[in-house]
Amino acid sequence: MTNTEIRPFRIEIPQADVDDLRDRLARTRWAPELPGTGWERGVPTGYLRDLAVYWAEKYDWRAHEAAINAHQQFTTTIDGVDLHFLHVRSAVPDATPLLLLHGWPGSIVEFLDVIGPLTDPVAHGGDPADAFHVVIPSLPGYGLSGPLPAAGWTDGRAAAALAELMDRLGYDRYGVQGGDVSAFIAPLIGRTAPDRVIGVHLNALVTFPTGDPADMAALTEAERERLGRMKDWQDRSSAYMQIQGTRPQTIAHALHDSPAGQLAWIVEKFQEWTDPAADLPEDAVDRDRILTDVSLYWYTGTAGSAAHTYFERFNDPSMWAPRERSSVPTAVAVFPTDFAIRRFADATHTIVRWTEFDRGGHFPALETPGLLVEDLREFFRGRA
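Per an unreviewed UniProt entry, the recorded name for the chain is Microsomal epoxide hydrolase, and the organism is Microbispora siamensis.

Right, dumping it as structure tokens:
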């Protein structure tokens, strides 16, 4: 008999774990660095030390734990994983159900600032017709949905589990939003349940050249520049992906044992991937938000589990097999750090909305929540 029970949940990290984190940070053996070097070689020791001291001495985990617990949370067992999720229903009865999916190195923390505007648009200057019921899961293997119990959790398997979650919640018709790795997962949910998904909204979408010489010849100057930035990213900034995709267990040992190492592994991405106008991660995203995200990885011990999902992605033949064009209406939000090119996206998605922004970055729900909320409202308006 399948257990489909939905169980109420609260985050309650033992005080012993909080004390252990502070003790480990205090005993960090700091890596020396070469004089005159900076972020181009990775996270500078001076910056990391200051951030770690703040994490240990000034950051208040209990306050942020309480802020997450202010929203209703649940777990339910799907395909052997105890899937964790926030479920915040709007006071508007016929609000549109919306599944919000984080990426790596993100978590449910990404969406805390958009819950209010999405579920209660009137209180935030919007129209009640734009209200959403939001479901925000921790991806299988991440945070409070991890660690994974077994190998084999491909993006397709995650998509099937998330579609089952929405079915279990009684949502017959719903939208999906995802970025980063969830820009792969969200469209797969649309393919899994095309008669139920009313639209897929994506950010940080990665598009690949079609191979058609005519497509390459037709690229605009701006699109060529974007393709060049993608190539530069592959050459100079994708080491984390290669490690997680090929040797996830090796990096897991380091990240699972050292909170300073876990902090460096994640904060590097908040420096590289946020709005290019921001010099430091906290210039783009609130420092406490970043540390709450890192803390969830640390307290749940899921840095390695999340890394293993990259190994599955690298070694899943179906991930890279040619696909027919999805029929699900799709919107793409392109922020300054994104590489998406429409003519390539059109090959596999039915693009009905394409919006390019001049500010923000890889984490729009954290960096520019107002832009993301308005784009979601405009895309899903009238689709239910």
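**Observations concerning the overall build of the chain**
Assigned secondary structure in the chain consists of 18 helices and 9 strands. In terms of overall dimensions, the chain has a C-alpha envelope of 55 × 50 × 45 Å along the principal axes. Here the chain holds 384 residues, and the buried ones make up 55% of them. Within the chain, counting contacts between residues at least 6 apart in sequence, those at least 24 apart form 75% of the total. Across the chain, the mean location of the 35 positive side-chain charges is 2 Å away from that of the 54 negative side-chain charges.

**Brief notes about the pairing of strand S6 (residues 174–179)**
Regular strands show a simple pattern: their side chains alternate between the two faces of the sheet. In terms of burial, S6 is largely enclosed, as 6 of its 6 residues are buried. When S6 meets strand S7 (residues 197–203), the two strands line up parallel, connected through 6 bridges. Bridge pairing in S7 places Val-176 opposite Val-200. Regarding topology, helix H6 (residues 182–192) serves as the crossover connection from S6 to the parallel S7, and that connection is right-handed.

**Regarding the nonpolar core**
If you look at the biggest cluster of nonpolar residues, it comprises 109 residues, and the most contacted ones within it are Leu-101, Trp-104, Leu-118, Tyr-174 and Ile-189. Each residue touching Leu-118, except ones within four places of it in the same chain, is listed here: Leu-98, Leu-100, Asp-130, Ala-131, Phe-132, Val-134, Val-373 and Leu-376.

**What about the packing of helix H9 (residues 239–246) against helix H14 (residues 303–314)?**
Packed helices, taken two at a time, are described by the angle their axes make and the gap between the axes. Direction vectors running N to C along H9 and H14 enclose 80°, while the axes themselves pass 6 Å from each other. When the axis of H9 is compared with that of H14, the two are roughly perpendicular. Residue-level inspection shows Tyr-240, Met-241, Gln-242, Gln-244, Gly-245 and Thr-246 of H9 in contact with H14, the latter providing Ala-307, Tyr-310, Phe-311 and Phe-314. Its residues placed into classes, the contact of H9 with H14 shows 6 nonpolar, 4 polar and no charged.

**Observations concerning the sheet that holds strand S4 (residues 96–101)**
Here 9 strands make up an open sheet; going across it, the order is S1-S2-S3-S5-S4-S6-S7-S8-S9 and the pairing mixed. Either end of the sheet is taken by a strand with one partner, and the two such strands are strand S1 (6–9) and strand S9 (350–356). Geometrically, the sheet is characterised by an average inter-axis angle of 25° between neighbouring strands, direction not taken into account. With 4 bridges joining them, S4 and strand S5 (residues 132–137) adopt parallel strand pairing. Looking at the pairing, Leu-99 lines up with Val-135 of S5. Packed on one face of the sheet, helix H5 (residues 155–168) meets S1, strand S2 (73–78), strand S3 (81–88), S4, S5 and S6 and runs near 120° to S2.

**Some words on the UniProt feature "domain: Epoxide hydrolase N-terminal" (unreviewed entry) in the chain**
Feature annotation in UniProt assigns "domain: Epoxide hydrolase N-terminal" (unreviewed entry) to the following positions: residues 6–111. Strand forms 23% of residues 6–111 and helix 32%; the C-alpha atoms that close the span are 22 Å apart.

**Topic: the side chain of Gln-73**
Tracing the sequence through the fold places Gln-73 in strand S2. Accessibility expressed as a relative area gives 2% for Gln-73, which makes it buried. Within the structure, the side chain of Gln-73 is placed 2.8 Å from the side chain of His-84, a separation counted as a polar contact. When neighbours within four sequence positions are excluded, Gln-73 is seen to be in contact with Arg-7, Pro-8, Phe-9, Arg-10, Ile-11, Ile-68, His-84, Phe-85, Leu-86 and Leu-144.

**Here we look at the packing of aromatic side chains**
Following the criterion strictly, the structure yields 18 aromatic pairs and no others. Considering the side-chain rings of Trp-233 and Phe-339, the 6.2 Å spacing of their centres and the 50° angle between planes classify their relative orientation as tilted. Of this pair, Trp-233 sits in helix H8 (residues 221–236) while Phe-339 sits in the loop between strand S8 (329–334) and helix H16 (342–345), placing them 106 residues apart in sequence. Accessibility assignment for this pair places Trp-233 and Phe-339 in one class, buried. The structure contains a cluster of three or more aromatic residues connected by ring pairs, namely Trp-104, Trp-233, Tyr-240, Phe-270, Trp-273, Tyr-310, Phe-339 and Phe-363. Positioned above the aromatic ring of Tyr-54, the side-chain terminus of Arg-287 is 4.8 Å from the ring centre. Against the face of Tyr-310 rests Arg-313, its NZ or CZ located 4.9 Å from the ring centre.

**Some thoughts on the side chain of Thr-75**
Within the secondary structure, Thr-75 sits in strand S2. Given the relative accessible area of 9%, Thr-75 is considered buried. For Thr-75, the contacting residues outside a window of four places in its chain are Glu-5, Ile-6, Arg-7, Phe-9, Leu-83, His-84 and Phe-85.

**What to know about the pattern of salt bridges**
Applying the stated criterion across every chain yields a total of 24 salt bridges. The network of salt bridges with shared partners includes Asp-130, Glu-374, Arg-377 and Arg-381.

Rules of the game
Residues numbered from 1 in each chain as written. Predicted model: local features only at pLDDT ≥ 70, side-chain atom pairs only at ≥ 80, totals over all residues. Heavy atoms only, no water. Helix = DSSP H or I, 4+ residues; strand = E, 2+ residues; numbered from the N terminus. Buried < 20%, exposed > 50% of the residue type's maximum accessible area, 1.4 Å probe, protein only. Contact = heavy atoms within 4.5 Å. Lys, Arg positive; Asp, Glu negative; His and termini not counted. Charge placed at Lys NZ, Arg CZ, Asp CG, Glu CD. Pairing = 2+ DSSP bridges. Right-handed = clockwise from strand over helix to strand, strands pointing away. Core = buried A, V, L, I, M, F, W, Y, C linked by side-chain atoms within 4.5 Å. Axes fitted to C-alpha atoms, helices over the stretch in contact; angles between N-to-C directions. Parallel < 35°, antiparallel > 145°, perpendicular 65-115°, else oblique. Nonpolar A, V, L, I, M, F, W, Y, C, P; charged D, E, K, R; others polar. UniProt positions renumbered as here; feature names shortened; annotations may be inferred. Polar contact = N/O pair within 3.5 Å; in protein donor to acceptor, adjacent residues only side chain to side chain. Phe/Tyr/Trp six-rings, centres within 6.5 Å; stacked < 30°, edge-to-face > 60°. Lys NZ or Arg CZ within 6 Å of the ring centre and 35° of its normal. Salt bridge = Lys/Arg side-chain N within 4 Å of Asp/Glu carboxyl O.

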